[in-house]
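# Per-entry structural report
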Amino acid sequence: MWYAIVGYDFPESLEKRLLNRPAHVARLEALQSQGRLMLAGPFPAIDAEDPGAAGYTGSLIVAEFSSLEEAQAWVDAEPYLAGGVYEKVTVRPFRKTFPS
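Residues numbered from 1 in each chain as written. Predicted model: local features only at pLDDT ≥ 70, side-chain atom pairs only at ≥ 80, totals over all residues. Heavy atoms only, no water.

Let's shift gears to helix H2 (residues 68-76). Buried within H2 we find Ala 71, Trp 74 and Val 75. Along H2, the residues classed as buried sweep out an arc of 100° about the axis, all on the same side. Across H2 from its buried face, at more than 90 degrees, point the exposed residues Glu 69 and Asp 76. (Buried < 20%, exposed > 50% of the residue type's maximum accessible area, 1.4 Å probe, protein only. Helix = DSSP H or I, 4+ residues; strand = E, 2+ residues; numbered from the N terminus. Arc of directions from axis to C-beta.)

Right, let's talk about the packing of aromatic side chains for a bit. Scanning all chains against the criterion turns up three aromatic pairs. Ring centres of Tyr 80 and Tyr 86 lie 5.4 Å apart, and the angle between their planes is 90°; this geometry places the pair in the edge-to-face category. Through successive ring pairs, a cluster of aromatic residues spans Tyr 3, Phe 65 and Trp 74. Taking the ring centre of Trp 74 as reference, the NZ or CZ of Arg 27 above it sits at 4.0 Å. In this arrangement the basic side chain of Lys 88 is found over the ring face of Tyr 8, its NZ or CZ atom lying 4.9 Å from the centre. (Phe/Tyr/Trp six-rings, centres within 6.5 Å; stacked < 30°, edge-to-face > 60°. Lys NZ or Arg CZ within 6 Å of the ring centre and 35° of its normal.)

Let us now look at unusual backbone geometry. In this structure, the amide linkage connecting Phe 98 to the following residue, Pro 99, adopts the cis form with an omega of -10°. Relative to the helices and strands, Pro 99 resides in the segment after strand E4 (86-94). Although it is not a glycine, Glu 12 sits at a positive phi angle of roughly 60°. Following the sequence through the fold, Glu 12 ends up in the loop between strand E1 (2-9) and helix H1 (14-33). On the basis of relative accessibility, which here comes to 82%, the residue Glu 12 falls in the exposed class.

Our focus in this paragraph is the side chain of Arg 27. Inspection of the secondary structure assignment puts Arg 27 in helix H1. On the basis of relative accessible area, Arg 27 is assigned to the buried category, the value being 17%.

Here it is, written out as C-alpha coordinates:
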(Lines give C-alpha, C1' and ligand atoms only; values in the text may rest on other atoms or scores of the structure.)
Protein backbone atom coordinates (compact mmCIF):
# COMPACT_ATOMS: atom_id res chain seq x y z
CA MET A 1 0.00 0.00 0.00
CA TRP A 2 1.05 3.58 -0.53
CA TYR A 3 1.71 5.86 2.44
CA ALA A 4 1.87 9.65 2.59
CA ILE A 5 4.69 10.78 4.85
CA VAL A 6 4.70 14.45 5.81
CA GLY A 7 7.64 15.88 7.73
CA TYR A 8 7.29 19.25 9.45
CA ASP A 9 10.55 21.16 9.84
CA PHE A 10 11.71 22.89 12.98
CA PRO A 11 12.00 26.65 12.39
CA GLU A 12 15.45 27.72 11.20
CA SER A 13 16.51 24.16 10.32
CA LEU A 14 17.90 24.84 6.83
CA GLU A 15 21.52 24.29 7.88
CA LYS A 16 20.64 20.92 9.44
CA ARG A 17 18.61 20.03 6.34
CA LEU A 18 21.58 20.68 4.07
CA LEU A 19 23.90 18.72 6.36
CA ASN A 20 21.61 15.66 6.45
CA ARG A 21 20.41 15.84 2.83
CA PRO A 22 22.85 13.28 1.32
CA ALA A 23 21.70 10.54 3.71
CA HIS A 24 18.05 11.52 3.23
CA VAL A 25 18.35 11.43 -0.57
CA ALA A 26 20.17 8.08 -0.47
CA ARG A 27 17.19 6.51 1.30
CA LEU A 28 14.79 7.96 -1.26
CA GLU A 29 16.99 6.69 -4.10
CA ALA A 30 16.86 3.21 -2.54
CA LEU A 31 13.06 3.32 -2.53
CA GLN A 32 13.07 4.58 -6.11
CA SER A 33 15.38 1.79 -7.29
CA GLN A 34 12.97 -0.71 -5.73
CA GLY A 35 10.02 0.88 -7.58
CA ARG A 36 8.44 1.95 -4.27
CA LEU A 37 8.66 5.76 -4.53
CA MET A 38 5.77 7.65 -6.11
CA LEU A 39 7.04 11.14 -5.32
CA ALA A 40 9.09 13.13 -2.86
CA GLY A 41 9.98 16.76 -2.35
CA PRO A 42 10.17 19.67 0.05
CA PHE A 43 7.73 22.48 0.81
CA PRO A 44 9.50 25.81 0.13
CA ALA A 45 8.95 28.38 2.89
CA ILE A 46 8.18 31.01 0.24
CA ASP A 47 6.52 30.94 -3.17
CA ALA A 48 9.69 30.15 -5.11
CA GLU A 49 11.25 27.13 -6.81
CA ASP A 50 14.47 27.85 -4.89
CA PRO A 51 13.64 29.56 -1.60
CA GLY A 52 17.29 30.29 -0.77
CA ALA A 53 17.86 31.33 2.82
CA ALA A 54 14.09 31.15 3.54
CA GLY A 55 14.47 27.37 3.47
CA TYR A 56 11.69 24.85 3.73
CA THR A 57 8.81 24.06 6.05
CA GLY A 58 8.75 20.32 5.55
CA SER A 59 8.57 17.52 3.01
CA LEU A 60 6.14 15.12 1.36
CA ILE A 61 7.05 11.54 0.49
CA VAL A 62 4.61 9.04 -1.01
CA ALA A 63 6.08 5.56 -0.92
CA GLU A 64 4.97 1.94 -0.88
CA PHE A 65 5.33 -0.23 2.21
CA SER A 66 3.78 -3.55 3.21
CA SER A 67 2.16 -2.04 6.31
CA LEU A 68 1.73 1.11 8.34
CA GLU A 69 4.19 -0.33 10.86
CA GLU A 70 6.82 -0.80 8.15
CA ALA A 71 6.27 2.77 6.92
CA GLN A 72 6.59 4.09 10.49
CA ALA A 73 9.79 2.07 11.05
CA TRP A 74 11.23 3.59 7.86
CA VAL A 75 10.33 7.07 9.13
CA ASP A 76 11.83 6.35 12.56
CA ALA A 77 15.22 5.84 10.82
CA GLU A 78 14.93 9.06 8.78
CA PRO A 79 18.10 11.21 8.88
CA TYR A 80 16.04 14.41 8.89
CA LEU A 81 14.30 13.22 12.06
CA ALA A 82 17.51 12.15 13.79
CA GLY A 83 19.34 15.25 12.55
CA GLY A 84 16.89 17.74 14.05
CA VAL A 85 15.29 18.87 10.78
CA TYR A 86 11.84 17.39 11.31
CA GLU A 87 9.94 18.48 14.38
CA LYS A 88 7.23 15.91 13.69
CA VAL A 89 6.28 13.41 11.00
CA THR A 90 2.89 11.97 10.12
CA VAL A 91 2.36 8.71 8.24
CA ARG A 92 -1.01 7.94 6.66
CA PRO A 93 -2.29 5.35 4.20
CA PHE A 94 -2.74 6.84 0.74
CA ARG A 95 -4.81 5.63 -2.20
CA LYS A 96 -3.73 7.00 -5.58
CA THR A 97 -6.71 7.87 -7.77
CA PHE A 98 -5.37 10.32 -10.35
CA PRO A 99 -3.70 10.29 -12.71
CA SER A 100 -4.91 6.81 -13.52
